[in-house]
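Residue-level listing of the chains:
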Amino acid sequence: QVQLVESGGGLVQSGDSLQLSCAVSGRTFSSANMGWFRQAPGKEREFVGAISWSGYSTSYADSVKGRFTISRDNAKNTVYLQMNTLKPEDTAVYYCAAGYYGGSLSLLQRGEANYWGQGTQVTVSS
């Protein structure tokens, strides 16, 4: 069983930065495409960003382009989401996801992942 454990969430003010981490165990991390999603209360879960198994390709939602950066460290079996210039509308539970289908990131962009983390809360106050 693949397990994804997220950390790094918290309460911050508008304009602050946070870095989320997602540690993966149970299967070879380097073969997985990784993604980040978020879900606000009463809202549908939405795509935030994704990165290919090699780290060569990345994809971001329009709402976070220029502010968020996804990266991975295969030696540490960890994927990161660096979030800068946070806004109140970024408040949500953030989920890490893994897809064991290398190549295109289109499946992750649609939320079709094989495994999901438990989520970590990010709250941005004005």
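Refer to the structure above for everything that follows.
About the criteria used
Residues numbered from 1 in each chain as written. Predicted model: local features only at pLDDT ≥ 70, side-chain atom pairs only at ≥ 80, totals over all residues. Heavy atoms only, no water. Disulfide = S-S within 2.5 Å. Helix = DSSP H or I, 4+ residues; strand = E, 2+ residues; numbered from the N terminus. Buried < 20%, exposed > 50% of the residue type's maximum accessible area, 1.4 Å probe, protein only. Core = buried A, V, L, I, M, F, W, Y, C linked by side-chain atoms within 4.5 Å. Contact = heavy atoms within 4.5 Å. Phe/Tyr/Trp six-rings, centres within 6.5 Å; stacked < 30°, edge-to-face > 60°. Lys NZ or Arg CZ within 6 Å of the ring centre and 35° of its normal. Pairing = 2+ DSSP bridges. Axes fitted to C-alpha atoms, helices over the stretch in contact; angles between N-to-C directions.

**Some details on the state of the cysteines**
Taken as a whole and assessed by the stated rule, the structure comprises 1 disulfide. Between the sulfur atoms of Cys22 and its disulfide partner Cys96 the distance amounts to 2.2 Å. Taking the sign of the S-S torsion, about -85° here, the bridge from Cys22 to Cys96 comes out left-handed. Placement of the pair is Cys22 in strand β3 (residues 18-25) and Cys96 in strand β9 (residues 92-99), with a sequence separation of 74 residues. The pair Cys22 / Cys96 is uniform in exposure class, with both members buried.

**Some points on the nonpolar core**
Met34, Trp36, Val79, Leu81, Met83 and Tyr94 are the most contacted members of the largest nonpolar core, which has 37 residues in total. Contributions of two or more residues to this core are made by β3, β4 (33-39), β5 (46-51), β7 (68-73), β8 (78-83), β9 and β11 (120-125). Per-element tally for this core: the top contributor is β9, with 5 residues. The residues contacting Val79, other than those within four sequence positions of it, are Leu20, Ser21, Cys22, Phe29, Met34, Trp36, Ile51, Ile70, Ser71, Arg72 and Cys96.

**Concerning the packing of aromatic side chains**
If you walk through the whole model with that rule in mind, you get 3 aromatic pairs. Taking 4.9 Å as the distance between ring centres and 55° as the angle between the ring planes, the aromatic pair formed by Phe37 and Trp116 counts as tilted. Taken together, the residues Phe37 in strand β4 and Trp116 in strand β10 (residues 115-116) connect sequence positions 79 residues apart. The class for Phe37 is buried, based on a relative accessible area of 2%. Classification of Trp116 as partly exposed rests on a relative accessible area of 27%. If you follow Arg45 out to its NZ or CZ, it ends over the ring of Trp116, 3.8 Å from the centre.

**Some thoughts on the sheet that holds β7**
Through backbone hydrogen bonds, the strands of a sheet pair up, either in parallel or in antiparallel fashion. A sheet is described by the order of its strands in space; here 4 strands give the open sequence β1-β3-β8-β7, paired in antiparallel fashion. A single partner strand is all that each edge strand has here, and the edge strands are β1 (3-7) and β7. When the angles between neighbouring strand axes are averaged without regard to direction, this sheet yields 15°. Where β7 meets β8, 6 bridges bridge the pair, whose relative direction is antiparallel. Looking across to β8, one finds that Phe68 is bridged to Met83.

**Concerning the pairing of β8**
Burial analysis of β8 places 5 of its 6 residues in the buried class, which makes it a mostly covered element. Pairing of β3 with β8 involves 6 bridges; the strand directions are antiparallel. Its bridge partner being in β8, Leu20 is matched across the sheet by Leu81. Linking two consecutive strands that pair antiparallel, namely β7 and β8, is a turn of 4 residues; a positive phi of about 55° is found at Asn77 within it.

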